[in-house]
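Observations on chain architecture
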Amino acid sequence: MEATRDAELKKELDAALHARKDLGEEYESALVDSFLEKVEKRLDGTIDRQMRRHLAEQQMIMARSARNPSSGVDSWGERFGFGIVSLILAIPLSAIGVVNAGLSGLFVTWFGIVGVNAVHAVRGTGLLPLLRRSPRKPDWED
């Protein structure tokens, strides 16, 4: 696309130079002004496209970060709720562990509960980068 624009601009420059030869030096400033006006319009169009592309990229980044729950900081209520649910579930899980494997089953059950809560606690702090997805390139970039 850039090559066709450059070719068109070169044709317009050649036409302006040819017109100067035909019309003479008295029309030189008008021809130069006309050519510079065309260049300015082309430049404004390019800058406008780049700004729209940049704004669209920023909007996509904002939309993706708003949709991605792992991108934000966990709220206190979420952490508190997770802790309460894990404690409530710990009772039947402990009973199952003790009945099936005795004291070692109880220890394994509680190590699992503590492990899950520890992972959940440090998930939002960035200490476990493996839990977060790596940022993807936008779909429109190659």
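Residues numbered from 1 in each chain as written. Predicted model: local features only at pLDDT ≥ 70, side-chain atom pairs only at ≥ 80, totals over all residues. Heavy atoms only, no water.

Description of the overall build of the chain
Each helix and strand in the chain was counted, giving three helices and zero strands. Reading the chain from its N terminus to its C terminus gives the helix and strand order α-α-α. Here the chain, with 142 residues, has 11% of them falling under the buried criterion. Taking the intrachain contacts of the chain between residues at least 6 apart in sequence as the baseline, contacts between residues at least 24 apart amount to 54%. Carbon and sulfur atoms make up 66% of the accessible area of the chain, which totals about 11,400 Å². (Helix = DSSP H or I, 4+ residues; strand = E, 2+ residues; numbered from the N terminus. Buried < 20%, exposed > 50% of the residue type's maximum accessible area, 1.4 Å probe, protein only. Contact = heavy atoms within 4.5 Å. Areas by Shrake-Rupley, 256 points an atom, 1.4 Å probe, with all protein chains shown as cover.)

Structural notes on the pattern of salt bridges
For the structure shown, the criterion picks out five salt bridges. Residue Glu8 is joined to Arg42 by a salt bridge in which the shortest nitrogen-to-oxygen separation is 3.9 Å. Note that Glu8 is positioned in helix α1 (residues 2-23) and Arg42 in helix α2 (residues 28-67), a separation of 34 residues in sequence. When its relative accessible area of 42% is taken as the criterion, Glu8 is described as partly exposed. Assessed through its relative accessible area of 24%, Arg42 is described here as partly exposed. For Glu12, the salt bridge goes to Arg42, with nearest N and O atoms at 3.7 Å. One end of the pair, Glu12, is in helix α1; the other, Arg42, is in helix α2, and 30 residues separate them in sequence. Members of the salt-bridge network, linked through shared partners, are Glu8, Glu12 and Arg42. (Salt bridge = Lys/Arg side-chain N within 4 Å of Asp/Glu carboxyl O.)

Brief notes about the UniProt feature "transmembrane region" (unreviewed entry) in the chain
Under the UniProt annotation, the feature "transmembrane region" (unreviewed entry) is placed at residues 80-101 and 107-131. Secondary structure across residues 80-101 divides into 100% helix and 0% strand, with the first and last C-alpha atoms of the span separated by 30 Å. (UniProt positions renumbered as here; feature names shortened; annotations may be inferred.)

Brief notes about helix α3 (residues 76-122)
Taking 1.5 Å of rise per residue, 47 residues should cover 69 Å, yet α3 covers just 13 Å from first to last C-alpha, more than 12% shy of that figure. Maximum bend of α3: about 145°, positioned at Ala101. Considered for burial, the residues of α3 that qualify are Ser86, Ala90, Ser94, Gly97, Gly105, Thr109, Ile113 and His120. (Expected span 1.5 Å × (residues − 1). Bend = angle between axes of the 7 residues up to and from the residue.)

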